[in-house]
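Here's the letter readout for the chains.
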2 protein chains.
Amino acid sequence: LFQLEPEADALMNFQHYSSQLPPFYESSLQVLQVEVLQQLTDLIRSHPSWSVTHVAVELGVRECFHHSRIISYANSTENEEGCTPLHLACRKGDGETLVELVQYCHVQMDVTDNNGETAFHYAVQGDNPQVLQLLGKNASGGLNQVNNQGLTPLHLACQMGKQEMVRVLLLCNARCNILGPSGYPIHAAMKFSHKGCAEMIISMDCNQIHSKDPRYGASPLHWAKTAEMARMLLKRGCDVNSTSSAGNTALHVAVMRNRFECVMVLLTYGANADARGEHGNTPLHLAMSKDNIEMVKALIVFGAEVDTQNDFGETPAFIASKISKLVTRKALLALLGTVGADPLIPGMPVEQGSASALQPPISPERAQPLPINLSNLELQDIRYISRARKPAFILSSLRDEKRSHDHLLCLDGGGVKGLVIIQLLIAIEKASGIATKDLFDWVAGTSTGGILALAILHSKSMAYMRGVYFRMKDEVFRGSRPYESGPLEEFLKREFGEHTKMTDIKKPKVMLTGTLSDRQPAELHLFRNYDAPECVREPRFSQNANLKPPTHPTEQLVWRAARSSGAAPTYFRPNGRFLDGGLLANNPTLDAMTEIHEYNQDLIRKGQGHKVKKLSVIVSLGTGKSPQVPVTCVDVFRPSNPWELAKTVFGAKELGKMVVDCCTDPDGRAVDRARAWCEMVGIQYFRLNPQLGTDIMLDEVSDAVLVNALWETEVYVYEHREQFQRLIQLLLEP
Amino acid sequence: LFQLEPEADALMNFQHYSSQLPPFYESSLQVLQVEVLQQLTDLIRSHPSWSVTHVAVELGVRECFHHSRIISYANSTENEEGCTPLHLACRKGDGETLVELVQYCHVQMDVTDNNGETAFHYAVQGDNPQVLQLLGKNASGGLNQVNNQGLTPLHLACQMGKQEMVRVLLLCNARCNILGPSGYPIHAAMKFSHKGCAEMIISMDCNQIHSKDPRYGASPLHWAKTAEMARMLLKRGCDVNSTSSAGNTALHVAVMRNRFECVMVLLTYGANADARGEHGNTPLHLAMSKDNIEMVKALIVFGAEVDTQNDFGETPAFIASKISKLVTRKALLALLGTVGADPLIPGMPVEQGSASALQPPISPERAQPLPINLSNLELQDIRYISRARKPAFILSSLRDEKRSHDHLLCLDGGGVKGLVIIQLLIAIEKASGIATKDLFDWVAGTSTGGILALAILHSKSMAYMRGVYFRMKDEVFRGSRPYESGPLEEFLKREFGEHTKMTDIKKPKVMLTGTLSDRQPAELHLFRNYDAPECVREPRFSQNANLKPPTHPTEQLVWRAARSSGAAPTYFRPNGRFLDGGLLANNPTLDAMTEIHEYNQDLIRKGQGHKVKKLSVIVSLGTGKSPQVPVTCVDVFRPSNPWELAKTVFGAKELGKMVVDCCTDPDGRAVDRARAWCEMVGIQYFRLNPQLGTDIMLDEVSDAVLVNALWETEVYVYEHREQFQRLIQLLLEP
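All values reported here derive from a predicted model rather than from experimental measurement. (Residues numbered from 1 in each chain as written. Chains lettered and ligands numbered in written order. Predicted model: local features only at pLDDT ≥ 70, side-chain atom pairs only at ≥ 80, totals over all residues. Heavy atoms only, no water.)

**A short note on helix H3 (residues 34–46) of chain B**
All names here are of chain B.
- Here H3 spans 18 Å end to end across 13 residues, near enough to the 18 Å set by a 1.5 Å rise per residue.
- The set of residues buried in H3 consists of Leu40, Thr41, Leu43 and Ile44. Buried residues of H3, seen end-on, are gathered within an arc of 160° and therefore sit on one face of the element. With respect to the buried face of H3, the exposed residues turned more than 90 degrees away are Val34 and Glu35. (Helix = DSSP H or I, 4+ residues; strand = E, 2+ residues; numbered from the N terminus. Expected span 1.5 Å × (residues − 1). Buried < 20%, exposed > 50% of the residue type's maximum accessible area, 1.4 Å probe, protein only. Arc of directions from axis to C-beta.)

Quick look at the structure:
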């Protein structure tokens with residue numbers, strides 16, 4: 001079987017073997033086969049401290065468990081690890097051996113090894129959940145026992161990511177509230193980012209999602225290291241803003257740990273970007289000291305205030321001014337400057353124009369560098385921004401009843417770029433202190449703008465919609481174009497209800513544009529939550545082809561209207577006969593004005609002229625302007641050779657893109673026409689559409705890219721603050 | 001050489017040969033070869049009446065012309081045709097033989113054959129113009145001699161279409177004014193439709209184009225049987241309206257002969273569709289009696305009056321009512337009914353409502369059927385149409401100075417369908433009695449509408465432009481798309497001048513739309529004949545890419561502006577950085593309104609508010625609506641197999657078409673928006689666009705299809721006569 005060089009070694013081995021081998025050949029009915037003998041001798045040689053029983057278990061020779069010598073060593077712990085044969089059987093996952101040991105050898109179930117581990121610990125380390133199950137049936141002593149590292153078998157399973165072991169342990173009533181070195185088992189699962197284990201614990205005991213570890217008072221969400229883990233908890237309803245003993249939220253932790261994706265998930269699930277944590281620091285304070293510009297942008301975009309003071313009276317801007325690395329400091333301060341933040345410590349008496357001469361107070365902990373003065377910022381700017389950014393909601397739903405004039409809100413199409421509209425609306429709501437729903441009498445929207453118009457109608461907050469958009473994009477824009485429309489439709493049904501009709505809510509009046517493409521030329525259709533004005537002029541076509549009339553508003557499902565308006569060709573398949581409204585009215589302003597005029601004319605014709613209110617303000621919000629780029633050549637020419645032909649195909653594609661761009665351009669002439677129209681009839685017209693630094697697609701899914709677009713929107717709001725202020729004044733006029 | 005059956009025949013032949021052969025072998029230096037001998041004997045046998053000289057000429061054996069026997073028969077006419085050997089040489093085109101005959105045989109040049117034909121006649125029938133040239137050098141006697149059919153050699157050449165013979169005859173000073181059976185040679189060339197011959201005569205003697213044949217007093221144009229022949233004469237400047245002795249124009253003749261293509265050429269070159277010819281009949285009278293509905297439509301469309309009386313007091317409508325074939329009669333009367341014509345004889349006392357009770361008077365020639373009453377027509381309709389169709393031009397260029405309000409005319413794009421706009425403008429001009437140029441203060445146009453706007457600016461009559469469009473389409477839309485832009489550019493230069501600038505003519509103010517496609521998104525550019533209003537609002541893009549500023553109006557070439565506005569992608573290549581204005585404003589109304597508003601605002605800003613005139617009337621003319629057709633499916637989906645993939649490609653193409661249609665639809669929302677805008681600011685808005693029965697392409701070249709579109713336009717004008725009347729009243733208001 002094997003050879004050894006030194007005679008002494010051979011002799012020792014012989015003695016060892018002669019003591020260990022007998023039970024095996026004695027209990028065997030046949031002569032031992034060479035293979036088994038080989039394994040046996042190998043085992044004995046590699047584990048010299050093991051008893052025969054250990055060897056028998058490892059070898060899995062069941063016949064010998066009736067042998068007295070084997071039985072006698074059944075509870076032996078005299079080996080290096082201090083483990084019993086039972087431990088080995090558990091680790092090996094050998095259920096049959098386990099049964100033999102329990103039935104014939106009457107082994108003790110609660111023996112712990114040198115490391116304080118029970119058979120349960122060993123079973124968890126093995127691969128066979130059935131063994132764990134068997135163990136659970138026969139013993140309970142070791143189930144919740146901690147090993148020398150303070151880990152219960154459940155902790156161990158969570159650390160190791162063994163989801164099935166977790167399930168079995170929980171079925172055996174393993175306790176979830178035993179404290180390990182990193183908290184309860186749920187926290188261990190979170191710490192090691194084992195999603196399945198955490199899910200298993202929560203599914204078995206839903207309270208675990210809120211359980212705080214006694215050491216830090218941190219919820220599982222605080223322990224989440226990845227976006228996926230955080231999303232899992234949030235989808236299951238954990239409290240996004242729960243605080244640790246120190247007063248920090250999960251957002252604080254994620255910011256401190258520089259976990260950008262985690263931060264995004266938390267923000268999109270409604271984490272308070274402005275929560276004050278330990279030492280009164282907001283996440284923005286922490287992001288500043290981390291020099292993380294991306295994070296700073298994301299936090300500000302999601303509503304973090306730039307002038308909140310911590311317990312030391314420092315604002316985030318002030319923290320930025322203290323950063324030792326000059327380049328980072330300058331970058332951060334310049335960034336803040338674009339939205340009007342001030343690096344000075346607020347509360348100090350500040351004389352206008354002499355800010356640079358001021359000395360900051362000495363902070364208790366450390367010496368502070370001189371605050372840097374942003375010379376391009378003036379005090380009133382900061383005051384404006386501060387006020388604009390402070391939410392002061394006054395939901396006065398009666399306001400609109402008293403108004404003598406109507407206000408119209410128009411929302412462009414643009415897919416996920418609808419986030420820009422949301423950000424603009426949040427700015428307007430904050431500055432006015434009134435919900436969008438109550439600021440406007442008419443809301444028109446195309447595609448993504450249509451969905452937002454419905455969100456306004458259904459009193460969904462824009463901050464909520466911002467989170468929804470960030471969350472939904474990954475689900476909706478999955479795979480390749482055209483995308484499956486299932487997730488989009490599910491989302492719409494979830495938000496607006498599967499059976500909700502357009503006319504279920506009547507104020508404000510809402511219209512969504514859609515393109516009726518069952519005819520040529522295609523026609524605009526408006527999905528309304530009110531009766532369409534009757535038309536007295538001659539129909540466009542004398543002998544109409546047999547076309548189905550559109551659904552009446554009282555029968556029109558809200559989610560279907562949203563889906564129809566947003567059926568952007570090549571992105572989604574058409575919804576029945578409807579294509580995206582953007583083909584005919586990507587900027588719906590002109591058509592909304594036309595509709596309102598016809599509605600009023602209809603009222604007058606019906607003798608209800610007293611109900612007519614003149615439009616006084618139109619606010620048209622865009623989804624961000626792409627930068628203008630020069631085009632070298634848009635040409636379709638006669639190909640004279642294959643190379644030319646290739647260029648033609650390219651030219652045709654370029655041309656196609658250009659035609660689509662012309663067709664759907666929401667700025668340019670659409671705005672010029674609307675402005676001239678409004679000026680001629682004395683309507684105040686506001687077109688708000690931030691210039692973006694890059695061309696963002698309708699189906700962009702990168703958080704960073706979208707955060708940047710929103711950042712540019714914030715900068716735009718700041719730069720156009722006078723225009724916003726004028727708009728707010730007009731909107732608030734009785 | 002050959003064998004004969006009967007001995008008597010052989011004997012006769014022998015005698016004949018023996019008398020004819022000697023000169024040949026006597027004058028030959030060698031023994032005659034078998035081949036020559038064979039030809040010789042064949043000739044003698046097939047032309048038994050010929051002399052040896054005739055045979056020698058035909059054989060072309062020059063050696064024998066010195067033989068006395070040959071010389072003696074040099075002027076022999078003793079054969080069936082009565083032709084001399086010279087005649088034969090001429091017909092054979094054998095110049096060398098001709099020289100031999102003249103030099104050695106001293107033949108008479110002016111001998112005529114039995115048919116009265118000279119050597120010149122024979123030469124014309126041959127293939128060698130040099131022979132004719134030689135003849136012309138040596139003789140002149142027979143040059144202008146008529147044969148028994150009354151034809152000079154020149155007549156003969158023209159009849160036979162021998163262009164080169166014509167040239168040589170004319171170089172020999174053959175006379176063009178000798179009367180043949182069908183007039184002068186030019187008329188013969190026309191009668192037999194030999195374009196080259198007619199061109200040759202005209203190029204040698206340009207007066208021939210006007211020469212009338214003494215018999216009918218008809219010009220060559222009267223004789224033209226094909227469109228090509230007529231076009232050739234008209235391009236060379238013949239008088240399209242010249243009359244024959246009977247008083248008929250070429251149009252009368254072409255109509256009588258049912259030559260539709262000829263009729264179209266004559267009409268497009270300005271033939272008077274309403275000329276009174278023999279018996280006072282207009283071409284329309286004649287077309288009626290020919291039952292040719294196509295022709296009737298073409299004539300009416302080109303301005304023929306339906307109520308002109310001939311010398312017997314009959315109107316064309318009355319003629320139609322007399323047609324014996326019921327189906328045709330009904331069809332013609334129904335046709336006339338659609339444009340409001342009356343089959344009753346005008347001048348008769350007609351009581352309203354009792355028209356059907358009237359008996360028509362008996363015509364002198366034949367018994368007449370009862371006139372059919374078109375019950376759906378009322379007298380005032382007819383009066384309206386009559387008045388509307390009677391041109392009563394009052395060119396009062398001072399009118400616009402006195403007006404207190406401005407009028408705007410907007411012309412859509414649509415390629416050759418611009419004819420519809422022309423027809424609408426003609427109707428407005430006829431009804432108002434004022435040229436378009438003086439009816440409007442602003443004219444906006446896209447593509448074809450832009451070209452027409454410039455035509456209006458440059459005082460070109462719409463009837464002229466109608467002819468130009470019909471004539472140009474074949475030149476411009478030649479080959480395959482994209483078409484060569486050369487012919488279009490040549491045409492524009494010819495019409496507007498190669499160096500004419502936009503600002504050369506200042507009234508009315510004209511704007512043409514173009515799409516600046518050197519940037520993305522593309523922008524609208526207006527080509528103006530006035531200074532662009534200065535813009536005070538913020539530019540669309542903050543940091544503009546380095547883009548060339550547009551040309552200033554004073555530097556802008558008119559033809560280039562027209563070309564740029566009309567660079568319809570895939571039809572023509574782009575003109576530099578410009579694409580067709582139709583991409584952004586196929587119906588330019590909204591943009592014209594925007595422009596005028598900005599222009600007025602600019603005036604006010606510059607302290608010239610007193611110059612601002614309010615818009616009171618907008619007339620928007622379309623190029624005809626295509627019928628609405630149902631579309632089964634516009635879908636772009638995920639292909640799962642090759643067949644699906646094929647459908648996707650198809651879907652993408654369908655989609656592309658739909659996007660282009662949405663982008664360029666001049667009706668639909670463009671009209672709804674403009675109407676609402678106008679109603680809101682109190683501008684009278686007129687949208688005139690006939691519904692066409694078929695979808696007509698931008699590059700349609702069929703005369704019949706286009707005539708039909710214009711016919712539908714006429715019907716539209718009649719059906720909307722009240723609207724037109726109201727429009728005219730408004731336009732004529734001071």
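**Regarding the environment of Asn241 of chain A**
- Relative to the assigned elements, Asn241 of chain A resides in the loop between helix H15 (227–235) and helix H16 (250–256).
- Those residues in contact with Asn241 of chain A that lie beyond four places of it in its chain are Thr249, Gly270, Ala271 and Asn272 of chain A. (Contact = heavy atoms within 4.5 Å.)

**Side note on the confidence of the model for chain A**
All names here are of chain A.
- When the pLDDT values of chain A are averaged, the result is 79; 81% of them are 70 or greater.
- Per-element confidence in chain A is highest for strand E2 (residues 442–446), whose mean pLDDT is 95, and lowest for helix H22 (residues 379–389), whose mean pLDDT is 40.
- Predicted confidence is poor over residues 636–640, with pLDDT under 50, and the contacts of this stretch with residues over four places away or in other chains come to 17 contacts.
- Long-range and interchain partners of residues 644–650, a stretch whose pLDDT sits below 50, account for 8 contacts in this model, where long-range means more than four residues apart.
- Interface scoring of the predicted complex returns ipTM 0.79; its pTM is 0.81. (pLDDT = per-residue confidence, 0-100.)

**A look at the side chain of Thr446 of chain A**
Residue and element names in this part refer to chain A.
- Assignment of secondary structure puts Thr446 in strand E2.
- At 2.7 Å, the side chain of Thr446 forms a polar contact with the side chain of Thr513.
- In this view, Thr446 contacts Leu411, Asp412, Gly413, Thr513, Ser565, Asp580, Gly581, Gly582, Ala585, Asn586 and Pro588; residues no more than four positions away in its chain are not counted. (Polar contact = N/O pair within 3.5 Å; in protein donor to acceptor, adjacent residues only side chain to side chain.)

**So, the packing of aromatic side chains**
- Applying the stated criterion across every chain, the model contains 15 aromatic pairs over all chains.
- Both rings, one in Phe527 of chain A and one in Phe578 of chain A, keep their centres 4.9 Å apart while their planes meet at 55°; by these two values the pair is tilted. In this pair, Phe527 of chain A is assigned in strand E5 (residues 523–528) and Phe578 of chain A in strand E6 (residues 578–580), connecting sequence segments 51 residues apart. Like Phe527 of chain A, the residue Phe578 of chain A is buried in the burial classification.
- Ring geometry for Trp677 of chain A against Trp677 of chain B: centres 5.3 Å apart, planes inclined by 0°, an arrangement best described as stacked. Of this pair, Trp677 of chain A sits in helix H33 (residues 669–681) while Trp677 of chain B is found in helix H33 (residues 669–681), placing the two residues in two different chains.
- Residue Trp677 of chain A is classed as buried on the basis of its relative accessible area, which comes to 0%.
- Chaining the aromatic ring pairs together yields one cluster made of Trp442, Tyr530 and Tyr599 of chain A.
- Positioned above the aromatic ring of Trp559 of chain A is the side chain of Lys493 of chain A, whose terminal nitrogen or guanidinium carbon lies 4.5 Å from the ring centre. (Phe/Tyr/Trp six-rings, centres within 6.5 Å; stacked < 30°, edge-to-face > 60°. Lys NZ or Arg CZ within 6 Å of the ring centre and 35° of its normal.)

**Remarks on the interface of chain A and chain B**
- If you look at the interface, chain A gives 70 residues, while chain B gives 70 residues.
- Roughly 6,500 Å² of surface becomes buried between chain A and chain B when both sides are summed, with 57% attributable to carbon and sulfur atoms.
- Viewed at the interface, chain B and chain A are joined by 4 salt bridges.
- Ionic pairing is found between Arg669 of chain B and Asp591 of chain A, a salt bridge with its closest N-O pair at 2.4 Å.
- At the boundary of chain A and chain B, one finds 8 residue pairs in polar contact (both at pLDDT 80 or more).
- The greatest single-element share of the side of chain A that touches chain B, amounting to 9 residues, is contributed by H33 of chain A.
- Residue composition of the side of chain A that touches chain B, grouped by class: 33 nonpolar, 15 polar and 22 charged. (Buried area = accessible area lost by both parts, 1.4 Å probe. Salt bridge = Lys/Arg side-chain N within 4 Å of Asp/Glu carboxyl O. Nonpolar A, V, L, I, M, F, W, Y, C, P; charged D, E, K, R; others polar.)

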